[in-house]
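One letter stands for each residue in the lines below.
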Amino acid sequence: MESRLRVRGHPIQPMLVTFPFGLFVSATVLDLADVLSGLAFLGEVGYWTAVAGLVAAALSGVAGMIDLWDVPAGRHRRTMVTANLVNAGMTALFLLGCLIRADAPQRGATGGLLAVELVALAVGTVGVWLGARLLRAFDAGRREPSGFEAPDGSGFAGRTVEIIRPRA
């Protein structure tokens, strides 16, 4: 299976997943620092980092749905649907935390909110593991380029971003 959305032959969705997960981890670390130190600005930065993670998760989810379109029924499709649902669950927990904090004057974190974020990260870790498993399965026969050439050996010539219908 090849991804519909690719950059220089590499699937975009696995690249996009790293952004929301990294932003959510950063938000949790900032919230932990807010709870431990009491510095209110850390909670504010953590809140806005989580909001940025929500935007990145929306983009990643769209790319995941586009890739899901052409996956044939079977084990890989079930794994891909599960990975997308798990990532959506992580995103939903962070969205809940952001909605709770949206009306607070300092948008600071609490111990309970921090616990929800840690659970969300645990859920997200399962989604990352499932996605990595899928990527290894789909790229098993693929030759990695050496240097700065595209996977098809064309160097830098040709289109950089491709949106195509995968071969059957």
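Everything below is about the structure shown above.
What you see is a predicted model, and the numbers here were worked out from it, not measured in a lab.

Trainee: Quick one: what's the story with the side chain of asparagine 87, residue by residue and with numbers?
Mentor: Structurally, the position occupied by asparagine 87 is in helix 3 (residues 75–101). A relative accessible area of 16% means that asparagine 87 is categorised as buried.

Trainee: Describe in detail the packing of aromatic side chains, supporting the description with residues and values.
Mentor: Counted according to the given criterion, the structure contains two aromatic pairs. Judged by centre distance (4.1 Å) and plane angle (5 degrees), the rings of phenylalanine 24 and phenylalanine 94 are stacked. One end of the pair, phenylalanine 24, is in helix 1 (residues 12–37); the other, phenylalanine 94, is in helix 3, with 70 residues separating them in the sequence. Take phenylalanine 24 and phenylalanine 94: they sit in the same class, and that class is buried. With a centroid separation of 4.9 Å and 80 degrees between ring planes, the pair formed by tyrosine 47 and tryptophan 48 is classed as edge-to-face.

Trainee: Can you tell me about the packing of helix 1 against helix 2 (residues 40–68), naming the residues and giving the values?
Mentor: Remark: helix 1 packs on helix 2, axes separated minimally by 7 Å, with the N-to-C direction vectors making an angle of 160 degrees. Relative to helix 2, the element helix 1 is oriented roughly antiparallel. The two elements helix 1 and helix 2 cross, and the hand of that crossing is left-handed. When grouped by side-chain class, the residues that make up the contact of helix 1 with helix 2 number 20 nonpolar, nine polar and three charged.

Trainee: So what's going on with the environment of valine 55? Residues and values would help.
Mentor: Note that valine 55 resides in helix 2. Residues valine 55 and proline 20, spaced 35 residues apart in sequence, show a C-alpha to C-alpha distance of 7.8 Å.

Trainee: A description of the layout of surface pockets should follow, citing residues and the corresponding values.
Mentor: Its boundaries defined by the atoms lining it, the second largest pocket holds a volume of some 250 Å³. Elements supplying a minimum of two residues to the lining of the second largest pocket: helix 1, helix 2, helix 3 and helix 4 (111–138). Looking at the lining of the second largest pocket element by element, the count peaks at six residues for helix 2. Broken down by class, the residue content of the lining of the second largest pocket amounts to 10 nonpolar, seven polar and no charged.

Trainee: I'd like a rundown of the nonpolar core, residues and numbers included.
Mentor: Of all hydrophobic cores here, the largest spans 11 residues; its members are Phe24, Ala27, Tyr47, Ala50, Leu54, Ala57, Met90, Phe94, Cys98, Ala120 and Leu121. Within the residue set of this core, elements represented by two or more residues are helix 1, helix 2, helix 3 and helix 4. Tallying contributions element by element places helix 2 first for this core, with four residues. With residues up to four places along the chain from it excluded, the contact list for alanine 120 reads Met90, Leu93 and Phe94.

Trainee: How would you sum up a nonpolar patch on the surface? Please name residues and give values.
Mentor: Together, Leu32, Val35 and Leu36 make up a nonpolar patch on the protein surface, roughly 280 Å² of accessible area in all. Its location among the elements puts leucine 36 in helix 1.

Trainee: Pulling in residues and values, what's your account of the pattern of salt bridges?
Mentor: Scanning all chains against the criterion turns up two salt bridges. Aspartate 31 is the partner of arginine 101 in a salt bridge, and the nearest nitrogen-oxygen pair spans 2.7 Å. In this pair, arginine 101 is assigned in helix 3 and aspartate 31 in helix 1, connecting sequence segments 70 residues apart. Each member of the pair, arginine 101 as well as aspartate 31, carries the same accessibility label: buried.

Scoring rules and cut-offs
Residues numbered from 1 in each chain as written. Predicted model: local features only at pLDDT ≥ 70, side-chain atom pairs only at ≥ 80, totals over all residues. Heavy atoms only, no water. Helix = DSSP H or I, 4+ residues; strand = E, 2+ residues; numbered from the N terminus. Buried < 20%, exposed > 50% of the residue type's maximum accessible area, 1.4 Å probe, protein only. Phe/Tyr/Trp six-rings, centres within 6.5 Å; stacked < 30°, edge-to-face > 60°. Axes fitted to C-alpha atoms, helices over the stretch in contact; angles between N-to-C directions. Parallel < 35°, antiparallel > 145°, perpendicular 65-115°, else oblique. Left-handed = near helix turned anticlockwise from the far one by under 90°. Nonpolar A, V, L, I, M, F, W, Y, C, P; charged D, E, K, R; others polar. 1 Å grid on protein atoms, 1.4 Å probe; cavity = no way out; pocket = protein on both sides within 12 Å on 5 of 7 lines; lining within 4 Å. Points joined across faces, edges and corners; volume = space filled by probe spheres on them. Core = buried A, V, L, I, M, F, W, Y, C linked by side-chain atoms within 4.5 Å. Contact = heavy atoms within 4.5 Å. Patch = residues over 30% accessible without salt bridge, like charges linked within 9 Å, V, L, I, M, F, W, Y side chains within 5 Å. Areas by Shrake-Rupley, 256 points an atom, 1.4 Å probe, with all protein chains shown as cover. Salt bridge = Lys/Arg side-chain N within 4 Å of Asp/Glu carboxyl O.

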